[in-house]
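Analysis of the macromolecular model
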Amino acid sequence: MSIVNGKGIFDAARSGHYAVGAFNTNNLEWTRAILAAAQETNTPILIQTSMGAAKYMGGYELCLNLVQQTVKSMGITVPVIMHLDHGNYEAAKECIEVGYTSVMFDGHDLPFEENLEKTKEIVALAHAKDITVEAEVGSIGGEEDGIIGEGELADVEEAKKIAATGVDYLACGIGNIHGKYPANWKGLHFDRLKELAAEIATPLVLHGGSGIPKEQIQKAISLGVSKVNVNTECQLAFADATRKYIEAGKDLEGKGYDPRKLLAPGTQAITDVVKERIDWFGTPEVK
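Residues numbered from 1 in each chain as written. Predicted model: local features only at pLDDT ≥ 70, side-chain atom pairs only at ≥ 80, totals over all residues. Heavy atoms only, no water.

Labelled according to an unreviewed UniProt entry, the protein appears under the name Fructose-bisphosphate aldolase, originating from Liquorilactobacillus mali. Under the heading Pathway (unreviewed entry), UniProt records this for the protein: "Carbohydrate degradation." (UniProt positions renumbered as here; feature names shortened; annotations may be inferred.)

This is the structure:
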C-alpha cells in the first residue's frame with residue numbers, strides 16, 4: 001500500500017462517527033511500532049512528525065523516506081497517511097515540496113486574519129499536489145515545539161471562516177491540552193464542540209488525546225471528532241517499559257545491552273498503546 005492523503009479516510013470517519021488515530025513518530029522504533037499496530041488491526045493510520053521531531057531525525061525528507069521505506073520493508077497493506085503535525089508556514093511549505101501526503105499549518109498564534117490568509121495559501125499549494133491540509137483555530141493548551149497555548153475555546157465564527165478555506169480537517173480548542181493533564185483539569189467542553197460540529201461539516205481534530213479519559217474521547221468522536229492525536233502516552237509507555245527492562249537487569253544478561261533487545265520492550269509498548277487507542281476510536285477494518 002502506498003502512502004495516501006487523508007481526504008477520503010477522514011471524510012468517511014466524520015460521516016461514520018468514528019475516528020482514525022494520528023500518532024507521532026520519533027525514530028525507527030516508533031515508526032515500526034505504529035505501523036505494526038495498524039497492520040495487526042487492519043486499520044488505516046496516520047503517522048506524523050512535529051517540527052522538533054523532524055529536526056531531531058534529520059529533516060522532513062529523511063522522515064518521509066523512513067516511513068515510505070518502512071511501509072515497504074514491513075509489507076504494510078493498510079492505508080498510511082504521512083502528516084506534518086503543528087507546522088508553521090515555512091514547515092508546511094517545505095513538507096508540501098518534499099512530498100508529505102498531509103500537512104498541518106498551525107497559525108493559531110498569529111492574528112486571526114493572518115492565520116486565515118496563510119491557511120488559504122497553504123490549502124492552494126497543497127491541493128494542487130493532492131495533499132490534504134489541517135488547520136487550527138483556538139489555542140490547544142500546553143506546549144508544542146515552543147508554542148505555548150492557554151487552552152482557549154475555539155470561536156465558532158472564526159472556525160467557520162477557517163473551514164471555508166477548504167481545509168480537509170480542522171483542529172479546534174475545546175479545553176484539550178498537550179502533554180500530561182493536570183489533576184485539576186476540568187475536562188472537554190462538549191457544548192462548544194456541539195456548536196462547532198453543528199456549523200462545520202469538516203472533520204474535526206482532537207489534539208492532546210493522551211490522558212483524556214476514554215469516555216470523553218468517545219463522546220467527542222460521537223459529536224464530530226474524526227482525528228485524535230496521541231503522542232505523550234506512547235512516550236510514557238516506551239519509557240516505562242524500558243525502565244522496567246533495565247531495573248530488572250535484563251541489559252546485563254548475555255547481550256541484553258544490544259539496542260535491538262534493549263529497545264524491544266518499549267517498542268512493543270508503543271504498539272500496544274496504538275492498538276488500544278484504535279479500539280477506543282472505533283476505527284473499522286479496511287475492507
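Text resumes after the structure shown.
1. Some remarks on a negative patch on the surface
On the surface, Glu 113, Glu 152, Asp 155 and Glu 158 cluster together into a patch of negative charge. Mapped onto the fold, Glu 152 is located in the loop between β8 (147-149) and α7 (156-163). (Patch = residues over 30% accessible without salt bridge, like charges linked within 9 Å, V, L, I, M, F, W, Y side chains within 5 Å. Areas by Shrake-Rupley, 256 points an atom, 1.4 Å probe, with all protein chains shown as cover. Salt bridge = Lys/Arg side-chain N within 4 Å of Asp/Glu carboxyl O. Lys, Arg positive; Asp, Glu negative; His and termini not counted. Charge placed at Lys NZ, Arg CZ, Asp CG, Glu CD. Helix = DSSP H or I, 4+ residues; strand = E, 2+ residues; numbered from the N terminus.)

2. Here's the deal with the packing of aromatic side chains
For the structure on display, the rule yields four aromatic pairs. Lying over the aromatic face of Trp 280, Arg 277 brings its terminal NZ or CZ to 3.8 Å of the ring centre. (Phe/Tyr/Trp six-rings, centres within 6.5 Å; stacked < 30°, edge-to-face > 60°. Lys NZ or Arg CZ within 6 Å of the ring centre and 35° of its normal.)

3. Structural notes on the confidence of the model for the protein
Mean pLDDT over the protein works out to 92, with 92% of the residues at or above the 70 mark. When the criterion is pLDDT under 50, residues 142-150 qualifies, and its contacts beyond four places in sequence or with other chains add up to 22 contacts. (pLDDT = per-residue confidence, 0-100. Contact = heavy atoms within 4.5 Å.)

4. Regarding the UniProt feature "binding site: Zn(2+) 2" (unreviewed entry) in the protein
With numbering aligned to this structure, UniProt lists the feature "binding site: Zn(2+) 2" (unreviewed entry) at Asp 106 and Glu 136. The largest pairwise C-alpha distance within this set of annotated residues, which runs over 31 residues, is 5.4 Å, so the set is compact in three dimensions. Inspection of the secondary structure puts Asp 106 in the loop between β5 (102-105) and α6 (112-127). Beyond its immediate sequence surroundings of up to four residues, Asp 106 is in contact with His 86, Gly 87 and Glu 136. In terms of polar contacts, Asp 106 uses its side chain to reach the side chain of His 86, at 2.7 Å. Positionally, Glu 136 belongs in strand β6 (residues 132-137). Residue Glu 136 is classed as buried on the basis of its relative accessible area of 0%. (Polar contact = N/O pair within 3.5 Å; in protein donor to acceptor, adjacent residues only side chain to side chain. Buried < 20%, exposed > 50% of the residue type's maximum accessible area, 1.4 Å probe, protein only.)

5. Section: the pattern of salt bridges
Tallying each qualifying case throughout the model produces 16 salt bridges. Among the ionic pairs, Asp 168 bridges to Lys 7, the shortest N-O distance being 3.9 Å. Taken as a pair, Asp 168 in the loop between α7 and β9 (169-172) and Lys 7 in helix α1 (residues 7-16) lie far apart in primary sequence, 161 residues in all. According to the relative accessible area criterion, Lys 7 is partly exposed, its value standing at 39%. Glu 276 serves as the salt-bridge partner of Arg 277, at 2.3 Å between the closest nitrogen and oxygen. Classification of Arg 277 as buried rests on a relative accessible area of 6%. A relative accessible area of 39% means that Glu 276 is categorised as partly exposed. Here the residues in one salt-bridge network are Lys 7, Asp 11 and Asp 168, joined through shared partners.

6. Remarks on the UniProt feature "active site" (unreviewed entry) in the protein
Per the UniProt record, the feature "active site" (unreviewed entry) sits at Asp 85. In this fold, Asp 85 is placed in strand β4 (residues 80-87).

7. Thoughts on the packing of α6 against α7
It is the contact of α6 with α7, at a shortest axis distance of 9 Å, that shows an interaxial angle of 20 degrees. Considering their axes alone, α6 and α7 lie roughly parallel with respect to each other. Note that α6 runs across α7; the crossing there is right-handed. Residues Phe 112, Asn 115, Leu 116 and Thr 119 of α6 lie in contact with α7, whose contacting residues are Glu 158, Lys 161 and Ile 162. Grouping the constituent residues of the contact of α6 with α7 by class yields three nonpolar, two polar and two charged. (Axes fitted to C-alpha atoms, helices over the stretch in contact; angles between N-to-C directions. Parallel < 35°, antiparallel > 145°, perpendicular 65-115°, else oblique. Left-handed = near helix turned anticlockwise from the far one by under 90°. Nonpolar A, V, L, I, M, F, W, Y, C, P; charged D, E, K, R; others polar.)

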